[in-house]
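# Reading the structure
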Amino acid sequence: MSQTFETKIVHSSLQETNKIRSKTTPIYQTSAFTFDTLEDLEGFYHGETPYLYSRSGNPNTDELGQMVAELEEAPAGVATSSGLSAILTGILSVVSVGEHIVAADDIYGGTYHMLKEELKELGIETTFVSFADSQAIQGAIQDNTKLLYSETVTNPFLRVENIDELVNIRKKYHLNTMVDNTFATPYLLKPFEKGIDIVAHSATKYLGGHSDVTAGVIVGREDLMVKARQKVVNLGSNLSSFEAWLTCRGIKTLALRMERQVKNAQQLAETLKNNINVKAVYYPITLSEKGNGAIVTIELQPECNIHRFFSSLGWIKIVPTLAGVETTVSYPLGTSHRALSEEEQQNIGINKQVVRISVGIEASADIINQFEAAIKGSIS
Ligand SMILES: Cc1ncc(COP(=O)(O)O)c(C=O)c1O
């Protein structure tokens, strides 16, 4: 019988094969698996037993890959040591030396840097263009282009990617597509269903949900996930079993957390739109029928002193990340986008008054009151 998202999310796939019948999946905290005979060992290489060595496969990391694949309605998934390694693994499953990527110019700063510097040094070139402009994307495609790369919701200005248009361009030019779905999560969007080839997650964020793991996952086309798994094994970018287990535990409450966080974010965005000291509020309006995400980005008016704003936030802490159950703030100019040149920062709208808010599960009125107090406190 088919299950809805909210049911699927709490029934992980390993439970059925767990013969001891523990209610939760055990943590397979082992670097390797044992064999009694050389025939048994040989059996591993013929697919008769699933595990040999944890870098090349572990029940907990497999559970995480499968769980996210099921939620994204994709055939397969692979867990990795971080969101960035998930993105790298996905890219290397599609693109080789001498080939080319077209990427959105407003993606997460760490991914931008990886494409612009690290992959360039390895012989993979990227052209960055505005993905709001379909002609610009098509104009950047070269004979050796293999991949279109973007994010379903960009950071920090929350532009919602036009997935249908990306898929049209993919078909027209016979390319592959990859999107980072970290901000939306499969609770709000499932890009694989719409025709995207690889979907990446920083599971460090909403999937884990409690700011206690660093992890990544990619899901997508079966043939690409076979390659991705080989990359993880050969490059050593596997996730530890304990972090995979924690992430699976976190995922079970994803729907509940997102429901509450999205509602709180919507209310905060609406309130801040009416605050005369807030110059702009960035919050999507049509992300999905389940809501518009739990991140709100604001630009304070020039009269607001940004240092006073941050130090007037009381229980709301400054962090260089997002998506925990607690409401937090980050400063893109000082963290995620600090490696960009001033011109690159200006091009995408990052300036010293921009603040990204990750809205948590607290009482909505408390969140709103604390932000209004901090904005008031920032006026000289
Ligand atoms: C949208 C997005 N993708 C990827 C990453 C990288 O993830 P990780 O820090 O888990 O490597 C981040 C980190 O902030 C992010 O915000």
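Each chain has its residues counted from 1, running along the sequence as written. Where totals are concerned, whole chains, interfaces and linings use all residues; where local detail is concerned, this predicted model gives features only for residues with pLDDT of at least 70, and gives and counts side-chain atom pairs only at 80 or more. The side-chain numbers reported here are obtained from all heavy atoms of the structure, hydrogens and water having been left aside.

Residue burial is assigned from relative accessible area. The probe radius is 1.4 Å, only protein chains are included, and a residue is buried under 20% of its type maximum, exposed over 50%, and partly exposed in between. Only DSSP runs of H or I reaching four residues or more are called helices, and only runs of E reaching two or more are called strands; each is numbered from the N terminus. For helix α10 (residues 241-251), the tally of buried residues reaches eight of eleven residues, placing the bulk of the element in the interior. Along α10, the residues that are buried comprise Ser241, Ala244, Trp245, Leu246, Thr247, Cys248, Gly250 and Ile251. Every residue pair with non-hydrogen atoms within 4.5 Å of one another is taken to be in contact. In this structure, the buried side of α10 is in contact with α3 (59-71) and α11 (254-273).

Moving on to the nonpolar core. If you look at the biggest cluster of nonpolar residues, it comprises 107 residues, and the most contacted ones within it are Ile91, Phe309, Ile357 and Phe371. Not counting residues up to four positions away in its chain, the partners in contact with Ile357 are Leu268, Leu272, Ala294, Ile295, Val296, Ile298, Thr327, Thr328, Val329 and Phe371. The term nonpolar core refers to a set of buried residues drawn from Ala, Val, Leu, Ile, Met, Phe, Trp, Tyr and Cys, joined through side-chain atoms within 4.5 Å.

Attention now goes to the packing of aromatic side chains. Note on aromatic contacts: the rings of Phe and Tyr and the six-membered ring of Trp form a pair at centre separations within 6.5 Å, being stacked when their planes are under 30 degrees apart, edge-to-face when over 60 apart, and tilted otherwise. Taken as a whole, this structure holds eight aromatic pairs when the rule is applied. Ring plane angle 85° and centroid distance 5.0 Å describe the contact between Phe44 and Tyr45, whose orientation is recorded as edge-to-face. Residue Phe44 is classed as buried on the basis of its relative accessible area of 18%. Members of the aromatic cluster, each reached through a chain of ring pairs, are Phe309, Phe310 and Tyr331.

Okay, the domain arrangement of the protein next. Note: interface size is frequently given as the accessible area lost on complex formation between the parts. In this document the domain limits rely on a domain assignment from an automatic tool or a database. Structurally, the protein comprises domain 1 (38-251) and domain 2 (254-377). With 29 residues of domain 1 in contact, the opposing surface of domain 2 contributes 36 residues. Accessible surface is computed with a 1.4 Å probe, and the buried area is the amount of it that two parts give up when combined, taken over both parts together. Between domain 1 and domain 2, the buried area comes to about 2,700 Å², and carbon and sulfur atoms account for 68% of it. Only one rule defines a salt bridge in this text: a Lys or Arg side-chain nitrogen within 4 Å of an Asp or Glu carboxyl oxygen. Where domain 1 packs against domain 2, one counts one salt bridge. As a salt-bridge pair, Lys116 and Glu344 come within 3.4 Å of each other at their nearest N and O atoms. Polar contact criterion, stated in full: a pair of N or O atoms within 3.5 Å, where within protein one must be able to donate a hydrogen and the other to accept it, and residues adjacent in sequence count only if both atoms are side-chain atoms. For the pair domain 1 and domain 2, the interface holds eleven residue pairs in polar contact (both at pLDDT 80 or more). Counting only elements with at least two residues in the side of domain 1 that touches domain 2, the list comes to α5 (109-121), α8 (185-188) and α10. In terms of residue count, the dominant contributor to the side of domain 1 that touches domain 2 is α5 (four residues). Residue type decides the class: Asp, Glu, Lys and Arg count as charged, Ala, Val, Leu, Ile, Met, Phe, Trp, Tyr, Cys and Pro as nonpolar, and the leftover types, Gly among them, as polar. Of the residues contributing to the side of domain 1 that touches domain 2, the split by class is 16 nonpolar, nine polar and four charged.

Here we come to the sheet that holds strand β12 (residues 354-358). Strands were regarded as paired on the criterion that DSSP finds at least two bridges between them. Taking strand neighbours across the sheet as the criterion, the five strands line up as β8-β9-β12-β11-β10 in an open arrangement whose pairing is mixed. Whereas interior strands pair on both sides, the edge strands pair on one side only; in this sheet they are β8 (278-282) and β10 (317-318). As paired elements, strand β9 (residues 295-300) and β12 share five bridges and run antiparallel to each other. Directly across from Val296, in β12, lies its bridge partner Ile357.

This brings us to the pairing of strand β2 (residues 100-104). Of all five residues in β2, five are buried; the element is thus mostly enclosed. Because side chains alternate across β2, one face comprises the buried residues His100, Val102 and Ala104, and the other comprises Ile101 and Ala103, equally buried. Bridge count between β2 and strand β3 (residues 125-129): five bridges; the pairing is parallel. Paired with His100 across the two strands is Glu125, which belongs to β3. Regarding the hand of the β-α-β motif, the stretch spanning β2, α5 and β3 is right-handed. Looking at chain direction, β2 and strand β4 (residues 145-151) are connected through four bridges and run parallel. Across the sheet, the residue bridging to Ile101 is Leu147, located in β4. Every crossover in which the path from the first strand over the helix to the second runs clockwise, viewed with the strands pointing away from the viewer, is termed right-handed.

For the rest of this paragraph, the subject is the side chain of Ser150. Here Ser150 shows up in strand β4. Its relative accessible area of 0% is what places Ser150 among the buried residues. For Ser150, the residues in contact, after removing those within four places along its chain, are Ala104, Ile107, Phe131, Arg159, Glu161, Leu166, Met178, Val179 and Asp180.

With that settled, the discussion passes to the site of the ligand. By convention in these notes, a residue is near a molecule or strand provided one of its non-hydrogen atoms lies within 4 Å of it. Around the ligand, the neighbouring residues are Ser82, Gly83, Leu84, Ile87, Tyr108, Asp180, Thr182, Phe183, Ser202, Thr204, Lys205 and Ala215. Contact distances for the ligand include 2.9 Å between an oxygen atom and a backbone N or O atom of Gly83. One nitrogen or oxygen atom from the side chain of Thr204 is found 2.6 Å from an oxygen atom belonging to the ligand. To measure how exposed things are, a 1.4 Å probe is used in the Shrake-Rupley method; for residues, cover is taken only from the protein chains shown. Surface burial for the ligand is 88%, taken as the share of its 390 Å² of free accessible area covered by protein chains. Considering every element that reaches the shell around the ligand, the biggest residue donor is helix α4 (residues 83-92), with three residues.

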